[in-house]
Number of protein chains: 2
Amino acid sequence: MQRRTSKRESSGRVTNEDLGIVDALAQLSFLVWGTVAKKAAEHDLSMIQTRLLGVLRDREPSMNQLATLLALDKSSVTGLVDRAERRGLVTRTVSTEDRRAFRVALTDNGRALVAGVADEFRKEVDIMLTDLSEAERSELSSLASRVVRASAARMGVDLPAAQPL
Amino acid sequence: MQRRTSKRESSGRVTNEDLGIVDALAQLSFLVWGTVAKKAAEHDLSMIQTRLLGVLRDREPSMNQLATLLALDKSSVTGLVDRAERRGLVTRTVSTEDRRAFRVALTDNGRALVAGVADEFRKEVDIMLTDLSEAERSELSSLASRVVRASAARMGVDLPAAQPL
DNA sequence: TATTGTTATACTCTATAACTATA
DNA sequence: TATAGTTATAGAGTATAACAATA
């Protein structure tokens, strides 16, 4: 009788033991996070720069709103946007309603760059999931979605339009 | 007939739609990663300091091995360990075999600190999963474990003893 | 007065290159 | 010569506090 969770106890290093929900989630997160970071780094983007470009895909927020979206102090956002602007990835435009405020927006270059990273990430996820059947992927997707949505609701956060990054 | 995936299409903000496997995994990762970071920050630990303490729980590596384990340059590890040592969380001991090398180890304070963070993280995961049944948690745990193990095998990495952080 | 954003400052984190001490 | 680790240097990323301009 073939065990589903194969294993080589002594001297072996390959196992398929369940890690337990806590470890499994922690390690899965590091794996996914690391994958995004790696793909971003290949384009000279840090995680925070990538997240900046990510949130700008469907928004043109003020510096203050950006600080909220990224959970950073407004002074940190100044430098973050400075560096992105210097690279030609985003622009600051003075707001028409409030002359104190800016609207930060993606340039065409910035948009192309973040689209590229997101696309490469999608491919990596595909590789990551090769061992799962279609049904299992659906199951994982559904469970993960529910956890994410429940947490977002619990924190009173509006989950952004579905998109990685 | 009650839809399982409830939703308020127009004007609403609460939905339970499936995010799709890519977005679900990305957002779940940000959620879990953010949870660890938040708990760590409450103890004045950065993510990398937390990971440092984490890997030291069952090892006393050299600086070089630490660089490999954390995927950092050795010069980065110098500063990292400096700051942890200054806080009394780790110690450097000259190796008996090679007088050029150190063995880095957790102090009792360091061990207690990382245990505390790991424990608080466990509690947060529990909250995160309140909406799932026992069977669903098992399913999620199993699927996540398989993905993690498969990726580790694919990268030729020995998955560390099961432990978050 | 309150808010938006920047500046000054300080510290963590990171890598590259050059260096010291040991092997 | 080669390896273990540090130092010097430079830059990103972060927060706090003080500031300028506008509301």
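Predicted model only: the values in this text are computed from it and were never measured.

### Remarks on the relation of the copies chain B and chain A
For the pair chain B and chain A, the superposition axis carries a translation of 0.1 Å, the fit reaches an RMSD of 0.1 Å, and the rotation angle comes to 180°. On the angle and the small slide along the axis, the relation comes out as a two-fold axis. Residues of chain B ranked by C-alpha distance from the rotation axis are headed by S29 of chain B, positioned 2.1 Å from it. Both copies contact each other with a shared surface, as 100% of the interface residues of chain B are interface residues in chain A too.

### Details of the interface of chain B and chain A
Each partner contributes residues to the interface: chain B has 56 residues there, and chain A has 57 residues. Overall, the association of chain B and chain A removes approximately 5500 Å² of surface from exposure, summing both partners, and the carbon and sulfur fraction of that is 68%. Between chain B and chain A we count two salt bridges in total. One can count 18 residue pairs in polar contact (both at pLDDT 80 or more) joining chain B with chain A. Contributions of two or more residues to the side of chain B that touches chain A are made by α1 (21-41), α5 (108-128) and α6 (134-154) of chain B. The class makeup of the residues in the side of chain B that touches chain A is 30 nonpolar, 12 polar and 14 charged.

### Points about the protein's contact with DNA strand C
Around DNA strand C there are 22 residues in total, and T78 and R100 of chain A together with S46, S76 and R83 of chain B lie nearest to it. Of what DNA strand C places within 4 Å of the protein, 67% of the atoms are sugar or phosphate. One of the side-chain N or O atoms of R100 of chain A is found 2.3 Å from a base oxygen in DNA strand C. The contact in question runs from a phosphate oxygen of DNA strand C to an N or O atom on the backbone of F102 of chain A, over 3.0 Å. Mapped onto the surface near DNA strand C, the elements with two or more residues apiece are α3 (63-70) and α4 (74-86) of chain A together with α2 (47-55) and α4 (74-86) of chain B. Take the surface near DNA strand C: its biggest share by element is four residues, from α4 of chain B.

Thresholds applied
- Residues numbered from 1 in each chain as written.
- Chains lettered and ligands numbered in written order.
- Predicted model: local features only at pLDDT ≥ 70, side-chain atom pairs only at ≥ 80, totals over all residues.
- Heavy atoms only, no water.
- Least-squares fit on C-alpha atoms with pLDDT ≥ 70 in both.
- Contact = heavy atoms within 4.5 Å.
- Buried area = accessible area lost by both parts, 1.4 Å probe.
- Salt bridge = Lys/Arg side-chain N within 4 Å of Asp/Glu carboxyl O.
- Polar contact = N/O pair within 3.5 Å; in protein donor to acceptor, adjacent residues only side chain to side chain.
- Helix = DSSP H or I, 4+ residues; strand = E, 2+ residues; numbered from the N terminus.
- Nonpolar A, V, L, I, M, F, W, Y, C, P; charged D, E, K, R; others polar.
- Near = heavy atom within 4 Å.

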